[in-house]
Amino acid sequence: MNTRTLSCSRGKREQSIAIAARLIRKGELVAFPTETVYGLGANAFDPAALKKVYRVKGRPSDNPLIVHIWSHSQVALLADPIPLMFWVLADHFLPGPLTIVMRRSRSVPPNVSSGLSTIAIRIPSHPVARRLLRAANVPIAAPSANISGRPSPTSASHVLEDLRGTIAAVLDGGSSSIGVESTVLDITGRTPRILRPGGVSKEMIESVLHLRVANARMNVKHPASPGMKYRHYAPAAEVVVYEGEQRRAVVRAISNAVKRRKGERIGVMAEEEFRQLFPGAEFFSIGNRGVTGATRELYNGFRELDRRKVTTIYCQSFPERGLGRAFMNRLRKAAARDIRV
Ligand code: TXA
Ligand code: MG
């Protein structure tokens, strides 16, 4: 299959979105940009299209997909009952990087959520995603548009690296601004539970709900979310995380470790200001704007350093607050080793 790249530059955007919407309605797979990462979209009500999603990603069939919609009013098509909490969250955070798990409505085919009695719903804020959802006029099921286990794509070229030739098209809407997947929040119980940290933090949710929010614990036998039991987000190189209270001390420790491994092709991911400490390494800058910039560049860095054929990637860490929790969650899942400084 020839995968079309549909440009979203001014002038071409409307036509590209119309083509993509038509492909989705015909049961084809189209990757599209969202503010978090690129999604691999399929008509959520087309079982054959959903099957294809699992096949091209190599995704285990028990890991359910997130259903994307563009308007709050579509939630009633998918979830039943809709807890009051949903409307409070929607008021504050939607559209945006928050996915909400509720009871699945009986009118929705069970295979949308791998047979679970729940359904994960997301209203993305990216203008191209919103226009596509409107034009397709069907809910779009979309996992991240990567091959299972690889880092999620944050650009159309990342999508093509993994899925060229196996999907109908990718809408190229530039780089994703957040850079890691949405927060997944389960509101089926009395205490809302974060199944995956993301762009909307625990603190943000607690402040609007006036409730304590729990973090689901990692439990491989009985995972709160099927996605929690799989290894994720990993580049081919071995990732080593360096953690500590003092940013400079952390980066100095990385610099010492790199010096000891002369002759090897080592990758370093750190903030721009530390570049000069690593003349012998493949340096990838995660920006100079703290954790926001670093999160945007995290998966891009993994993919770029894999292309430069490094054997090990050393990465700087951030405090586990706000978006830092999402950054550290993804980094630890990718990492083989975690070193405390
Ligand atoms: O930002 C995102 O959420 C991106 C963009 C494309 O929207 N999508 C994404 O999808 O990250 P995916 O499939 O890569 O991750 C979906 C996660 C998985 O961990 C899955 O187990 C969980 O959401 N999930 C989906 N439906 C669920 C459900 N009914 N109950 C619990 N967890 C669910
Ligand atoms: Mg994924």
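Structural data are supplied above this passage.
On a predicted model such as this, the values are computed, not experimentally measured, just so you know.

### So, the side chain of S152
Here is step 1: Residue position: S152 is located in the loop between β7 (140–141) and α6 (156–163).
Here is step 2: By relative accessible area, S152 is classed as buried at 1%.
Here is step 3: A polar contact is formed between the side chain of S152 and the side chain of E181, at a distance of 2.5 Å.
Here is step 4: The contacts of S152, once residues within four sequence positions are left out, are V37, S144, N146, E181, Y233, Y299 and R303.

### Describing helix α10 (residues 323–334)
Here is step 1: Spanning twelve residues, α10 covers 17 Å between terminal C-alpha atoms, matching the ideal 16 Å at 1.5 Å per step.
Here is step 2: Burial analysis of α10 places nine of its twelve residues in the buried class, which makes it a mostly covered element.
Here is step 3: Among all positions in α10, only L323, G324, A326, F327, M328, N329, R330, L331 and A334 are buried.
Here is step 4: Buried residues along α10 sit against β10 (193–196), β12 (238–243), α9 (290–307), β15 (312–316) and β16 (335–340).

### Let's talk about the packing of aromatic side chains
Here is step 1: Taken as a whole and judged by the stated rule, the model has five aromatic pairs.
Here is step 2: With 6.0 Å between their ring centres and 20° between their planes, F278 and F283 make a pair best called stacked.
Here is step 3: Judged by relative accessible area, F283 falls into the buried class, the value being 7%.
Here is step 4: Centre to centre, the rings of F318 and F327 are 5.2 Å apart; their planes meet at 90°, and the pair counts as edge-to-face. Just as F318 is buried, F327 falls in that class too.
Here is step 5: Residue placement shows R134 over the ring face of W70; its charged tip is 4.5 Å from the ring centre.

What counts and what doesn't
- Residues numbered from 1 in each chain as written.
- Chains lettered and ligands numbered in written order.
- Predicted model: local features only at pLDDT ≥ 70, side-chain atom pairs only at ≥ 80, totals over all residues.
- Heavy atoms only, no water.
- Helix = DSSP H or I, 4+ residues; strand = E, 2+ residues; numbered from the N terminus.
- Buried < 20%, exposed > 50% of the residue type's maximum accessible area, 1.4 Å probe, protein only.
- Polar contact = N/O pair within 3.5 Å; in protein donor to acceptor, adjacent residues only side chain to side chain.
- Contact = heavy atoms within 4.5 Å.
- Expected span 1.5 Å × (residues − 1).
- Phe/Tyr/Trp six-rings, centres within 6.5 Å; stacked < 30°, edge-to-face > 60°.
- Lys NZ or Arg CZ within 6 Å of the ring centre and 35° of its normal.

So far we have only geometry, and geometry alone does not tell us how the molecule works.
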